[in-house]
Amino acid sequence: KSSCSLLGSSFESSEFFFALVSLLKPVTPNKQEVAETVQGGAEYTDLPYVLFSQETNEQKLFKIASELLQTEKAYVARLNLLDQVFCAKLMEEAGKGTFPVEVVKNIFSNISSIHTFHCQFLLPDLEKRMGEWESTPRIGDILQKLTPFLKMYAEYVKNFDKAMELLKQWTDRSPQFKAIIQEIQSKEVCGCLTLQHHMLEPVQRIPRYEMLLKDYLKKLPQDDPDRRDAEKSLDIIATAATHSNSAIRKTENLKKLLEIYEMLGEEEDIVNASNEFIKEGHILKLAARNTSAMERYLFLFNNMLLYCVPKFSLGGPKYTVRTRIGIDGMKVLATTNEDYPHTFQVSGKERILELQAFQETIEIFQQKNETFKSASKDVEEVSTAELGKRAPRWIRDNEVTMCMKCKEPFNALTRRRHHCRACGYVVCWKCSDNKVPLAYDNNKMNKVCRDCYSILTGEERAEGKRKGILEIEAAQFTDSSIICGFLQYCEKNKPWQKVWCVIPEKECLVLYLYGAPQDVKAQCTIPLLGYVVEDSPRPTDPPASFRLSQSKSVHNFTAESEELKQRWLKVIRVAVTGEKPDTHPMKKKKKYCADPSSF
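- An unreviewed UniProt entry annotates the chain as FYVE, RhoGEF and PH domain containing 4a originating from Myripristis murdjan.

**As for helix α12 (residues 201-219)**
Next up, step 1: Across its 19 residues, α12 extends 27 Å between first and last C-alpha, which sits within 8% of the 27 Å expected from 1.5 Å per residue.
Next up, step 2: Those residues of α12 lying buried are Pro202, Val203, Arg205, Ile206, Pro207, Tyr209, Glu210, Leu212, Leu213, Tyr216 and Leu217.

**Comments concerning the nonpolar core**
Next up, step 1: Phe86, Phe108, Met199, Leu264, Ile270, Phe299 and Leu306 are the most contacted members of the largest nonpolar core, which has 80 residues in total.
Next up, step 2: When residues in this core are grouped by element, the largest group, 15 residues, is from helix α5 (residues 57-94).
Next up, step 3: Looking at which domains feed residues into this core, each of domain 1 (13-24 + 270-364) and domain 2 (57-263) gives three or more.
Next up, step 4: In this view, Leu306 contacts Leu264, Ile270, Tyr297, Leu298, Phe299, Phe301, Val321, Thr323 and Arg324; residues no more than four positions away in its chain are not counted.
Next up, step 5: Counting residues in each nonpolar core, the second largest holds 26 residues, with Ile482, Ile503, Leu528 and Leu564 among its members.

**Overview of the packing of α5 against helix α10 (residues 175-185)**
Next up, step 1: Running from amino to carboxyl end, α5 crosses α10 at an angle of 150°, the nearest separation of the two axes being 10 Å. The orientation of α5 with respect to α10, classified from their angle, is roughly antiparallel. Relative to α10, the crossing made by α5 is right-handed. For the pair α5 and α10, the contacting residues are Val85, Phe86, Lys89, Leu90 and Glu93 in the first and Gln176, Phe177, Ile180, Ile181, Ile184 and Gln185 in the second.
Next up, step 2: Classifying every residue of the contact of α5 with α10 gives seven nonpolar, two polar and two charged.

Thresholds, definitions, all that
Residues numbered from 1 in each chain as written. Predicted model: local features only at pLDDT ≥ 70, side-chain atom pairs only at ≥ 80, totals over all residues. Heavy atoms only, no water. Helix = DSSP H or I, 4+ residues; strand = E, 2+ residues; numbered from the N terminus. Expected span 1.5 Å × (residues − 1). Buried < 20%, exposed > 50% of the residue type's maximum accessible area, 1.4 Å probe, protein only. Core = buried A, V, L, I, M, F, W, Y, C linked by side-chain atoms within 4.5 Å. Domains from an automatic or database assignment. Contact = heavy atoms within 4.5 Å. Axes fitted to C-alpha atoms, helices over the stretch in contact; angles between N-to-C directions. Parallel < 35°, antiparallel > 145°, perpendicular 65-115°, else oblique. Left-handed = near helix turned anticlockwise from the far one by under 90°. Nonpolar A, V, L, I, M, F, W, Y, C, P; charged D, E, K, R; others polar.

As structure tokens, this is what we get:
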């Protein structure tokens, strides 16, 4: 085996490989030599003849029989570990009254009977047969002895789910129970595997017999004396394997749960028969307060999503769970982001996450002829009925320039940004000076805005002043606009600033200028009727610029590209004449401009 591995992986040049082969003198062993080699502990595949000469059918049959023997030895060693080490040690401690004896019996079921049969009957018969293979080259008759004992496996498989539940329950409940298991698991004989991993072996063994027998029969001549016994054994074993395969699917899932359990530092309660693993993978998490992206890892199950943070580890990937989001009530929406394409939002009762797929994932996704759904600029607000019961999606700091309640502009000293934990709005300290318990956060006290405080406590709020002409939220216009997007804006000798510009369908002759896409109040409006549009370049103007002038009033704009500039000019030139721009042909333009990634 080692020679095969070396030749297959280390030699970079095929010429060098064949040159080496030509130096080796082929050796053709006879059956006696083969038998002596195997009895001496070497595998048949170690022979030079097998490496460089064509195997005969007899040699292939012997190879399958050798594999059956070697795997049986390893299997009996695993059964001995379960029966004579784990079970025996726990029974010894249970005899002292530390925990019930019945618990140990129910966990290990009939493992002792299975161990006895394989250790004292099947394995010795296989060893004896391989020792006399030259005179009796057959295994079908030996495997027939296995068939009456398959009922033992049916009992073990049927009890497996219950055993896993008991094992988890008593590991959590009894420190002594847990200590014994951990002590044995730390020994070299366990191979760094958990008790649950070892208990999977009997469930997986019967399908292994079926696979080897099928391979054996393919190589066995039709008139071979062993064919009848081998076929009869296969029929019975295949029937048992069918019943075992459904259990194997469960155990494979359980095996994956155990792997994830270890990756999470054995701190998360996920090893449960009701939990079904679906998918895992790296993801980028977009920060709620800004546009920075952080690498995270997700585990998706049939009933929950684990949002995890990678942590440094020399022993393989390890993660810390930040949030467990229930699938019940979860919503997934495609979103847009100015700096990161292909983002989506996971909205659960416990938390809302905005995520971005890795570029590799995006490319694979697109290769399969699927595309991401059209991004929507809308932010799904938490309904009044769900307020406090579902985590809100936080509006990012850079999406607003003013308090979303009192409309006062933010600054770094006296009016800083805060988030309402109930609705996710960005508000100032005056508008978030209230706290209430929120159900989605285990009824902990959280800072909320004045409107949410009023709704959650039932206290009536004094009627505020009427909204001014500029107090229309940018998000309301964006969804029903002729054209919208970022432009650079300059008035008179003031410095250039980036603004979110919108020409709404309902007010198609007015250009609204906002500080950010989620601002609740416009910085200013420009009634376009009567303005003169100039787009001839001046020496001091930046590229793709144009101007709107009327009397002494001049507004300077710069687009990201010449193409985008022309889109704006096509709409504005119609609006300044007092006519309503044609909204139908602008639908495509609207979609183009509403995507912040285009700017």
